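Below are the chains, spelled out letter by letter.
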Amino acid sequence: MRTVTKDTITQAFLGYMAPDTDPRLREVLTSLARHLHAFVKETNLTHAEWEKGIEMLEWAGEISDTERHEMILLSDLLGISSLVDMVNMVPGGTSSSVLGPFHISGAPEIPIGFDMKRHFPGEVLLATGVIKNAAGTPIEGARIDIWQTAPNGLYSSQDPEQDTYSFHGIQTTGADGRYAFTTVKPVSYEVPTDGPGGALLDATGRHAWRPSHLHFIVKANGYRTLVSEIFADDDPYLDEDAVFGVREDLVMQYAEHPAGTFPAEGFELSGKVDGPWLKAEFDLVLTPG
Ligand code: BEZ
Ligand code: FE
């Protein structure tokens, strides 16, 4: 097409694709081009605005490394990550939620009853539940990869005071399908604001807070991998999560237990918890796949 106009450019772009282009790639790119071109026309995007957008993406690239994933953060803050989750959700199981940029591979295997809290200050939380299928049958050999922040609201990769794998661990379920560990009560925290993600929040008068949560990835043979998180029902940011990750079925209530009632056996902390403690009982339902 020699003369391209604003009315023909989308068709011209689509016509450039080779006939043997992968069909799914063709489908995704066709839709992407249609929406992006329509967006430019609808907003009458100026050169200065286009440049600003490019600068934001370049900044995201510069600030990112193997531990800092600013492009993921931008996707999270724009609601794209959560939408990808929602369109891929399979009914019948626990809802999925955002992975976020702070999962690290290679976390240590931790036994059932392990204590992740160690010397950190804060309330002891006993987190437990059964990993099961939709019929309620416990899944043996499921692997749950757990991570959360320390009480200062920082993940280990953000905090030079923490060990690499502090508040990270992987448990494998036995025949009862149960995971169980102690940790510190999760806190609300702000997502990083020193990059383009923060600039986006600033420019639109948004805050950076996420409601307190525990992250997990559950893998089991014959089941779809579940990437999700659980939230506490009393968190002030539950209805305004900066990254849109909260789903009704992922909200749980802590049960408060008085001093002297911590389980006498089965936990690394058995016999060592003098004060009151909290319990989160949360079953995770996997779907076949
Ligand atoms: C997180 O929960 O770790 C997280 C998710 C999205 C953006 C930043 C952090
Ligand atoms: Fe998080």
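Residues numbered from 1 in each chain as written. Chains lettered and ligands numbered in written order. Predicted model: local features only at pLDDT ≥ 70, side-chain atom pairs only at ≥ 80, totals over all residues. Heavy atoms only, no water.

K.L.:
Which parts of the structure should I look at to understand the nonpolar core?
P.N.:
Generally speaking, nonpolar side chains in soluble globular proteins are found buried as a group. With 32 residues, the main nonpolar core has Ile131, Ile144, Val218 and Leu284 as its most contacted residues. Elements with a minimum of two residues in this core: β2 (124-133), β3 (143-147), β5 (178-184), β8 (213-219), β9 (226-232), β12 (277-281) and β13 (284-286). Ignoring anything within four residues of it in the chain, the contact list for Leu284 reads Thr94, Val130, Ile131, Lys132, Ile144, Tyr179, Phe216 and Val218. (Core = buried A, V, L, I, M, F, W, Y, C linked by side-chain atoms within 4.5 Å. Buried < 20%, exposed > 50% of the residue type's maximum accessible area, 1.4 Å probe, protein only. Helix = DSSP H or I, 4+ residues; strand = E, 2+ residues; numbered from the N terminus. Contact = heavy atoms within 4.5 Å.)

K.L.:
What is the right way to look at the side chain of Asp235 in this model?
P.N.:
Secondary-structure assignment places Asp235 in the loop between β9 and β10 (251-252). Although Asp235 lies buried, it forms no salt bridge, and the closest oppositely charged side chain, Lys185, sits 7.8 Å away as judged by the N-O distance. A distance of 2.9 Å separates a polar atom in the side chain of Asp235 from a polar atom in the side chain of Ser188. Contact partners of Asp235, with chain neighbours within four places excluded, come to Ser188, Pro211 and Ser212. (Lys, Arg positive; Asp, Glu negative; His and termini not counted. Salt bridge = Lys/Arg side-chain N within 4 Å of Asp/Glu carboxyl O. Polar contact = N/O pair within 3.5 Å; in protein donor to acceptor, adjacent residues only side chain to side chain.)

K.L.:
Can you help me understand the environment of Lys185 in this one?
P.N.:
Relative to the helices and strands, Lys185 is located in the loop between β5 and β6 (189-190). Since its relative accessible area comes to 27%, Lys185 is described here as partly exposed. The spatial distance from the C-alpha of Lys185 to the C-alpha of Ala280 is 9.6 Å, given a sequence separation of 95 residues. Among all residues touching Lys185, those that are not within four sequence positions of it are Glu123, Leu125, Asp234, Tyr254 and Leu278.

K.L.:
Any chance you could explain the pairing of strand β4 (residues 168-172) here in plain terms?
P.N.:
A regular strand places its side chains on the two faces of the sheet in alternate fashion. Counting buried positions over the five residues of β4 gives four, a clear majority of the element. Relative to β4, β3 is paired through five bridges, and the arrangement is antiparallel. Each bridged residue has a counterpart across the sheet, and for Trp147 the counterpart in β4 is His168. (Pairing = 2+ DSSP bridges.)

K.L.:
Explain the coordination of the iron ion (ligand 2) here, please?
P.N.:
Coordination angles at a metal have ideal targets, namely 109.5 degrees for four tetrahedral donors and 90 or 180 degrees for six octahedral donors. Summarising the metal site, the iron ion (ligand 2) is bound by the protein donors Tyr155 (OH), Tyr189 (OH), His213 (NE2) and His215 (NE2), whose distances to it range over 1.8 to 2.1 Å. Here the iron ion (ligand 2) is ringed by six donor atoms whose angles at the metal span 55 to 165 degrees, and the overall shape comes out irregular. Mapping the donors of the iron ion (ligand 2) onto the primary sequence gives the spacing Y-x33-Y-x23-H-x1-H. Taken together, the positions of Tyr155 in the loop between β3 and β4 and His213 in strand β8 put the pair 58 residues apart, joining distant regions of the chain. Taken as a pair, Tyr155 and His213 share a single burial class, namely buried. (Donors = N, O, S within 2.8 Å, 3.2 Å for Na, K, Ca; no water. Tetrahedral: all angles 85-135°; square planar, octahedral: opposite > 155°, others 65-115°.)

K.L.:
What should I look at first to understand the site of ligand 1 in this one?
P.N.:
What surrounds ligand 1 is the set Leu73, Asp76, Gly100, Pro101, Phe102, Tyr155, Tyr189, Val191, Arg210, His213, His215 and Val243. Between ligand 1 and His215 there is a distance of 2.9 Å, counted from an oxygen atom to a side-chain nitrogen or oxygen. Given that more than half its atoms are within 2 Å of the pocket grid, ligand 1 belongs to the largest cavity. For the shell around ligand 1, the secondary-structure elements that each account for two or more residues are α4 (70-77) and β8. When grouped by side-chain class, the residues that make up the shell around ligand 1 number seven nonpolar, three polar and two charged. (Near = heavy atom within 4 Å. 1 Å grid on protein atoms, 1.4 Å probe; cavity = no way out; pocket = protein on both sides within 12 Å on 5 of 7 lines; lining within 4 Å. Sits in = over half its atoms within 2 Å of the grid points. Nonpolar A, V, L, I, M, F, W, Y, C, P; charged D, E, K, R; others polar.)

K.L.:
Before we go on, may I ask you to explain the domain arrangement of the chain in this structure?
P.N.:
Size of an interface, as often reported, equals the accessible area lost when the parts are brought together. Taken domain by domain, the chain holds domain 1 (1-45) and domain 2 (80-286). The centre of domain 1, based on its C-alpha atoms, is set 41 Å off from the matching centre of domain 2. (Domains from an automatic or database assignment.)

K.L.:
In this structure, what is going on with the pairing of β8? I would like to understand it.
P.N.:
Within β8, six of the seven residues are buried, which leaves it mostly tucked inside the rest of the structure. Where β3 meets β8, five bridges bridge the pair, whose relative direction is antiparallel. Looking at the pairing, Ile144 lines up with Val218 of β8. Pairing between β8 and β9: six bridges, direction antiparallel. Along β9, the bridge assignment pairs Val218 with Leu226. In this antiparallel pair of consecutive strands, β8 and β9, the connection spans six residues, and Gly222 shows a positive phi of 85 degrees.

K.L.:
Can you walk me through the sheet that holds β3 in this structure?
P.N.:
One key point about sheets: their strands pair by backbone hydrogen bonds, in either a parallel or an antiparallel sense. One open sheet accounts for five strands, arranged β4-β3-β8-β9-β10; its pairing is mixed. Edge strands, defined here as strands with exactly one partner in the open sheet, are β4 and β10. With two bridges joining them, β9 and β10 adopt parallel strand pairing. The residue of β10 that forms the bridge with Phe231 is Val251.

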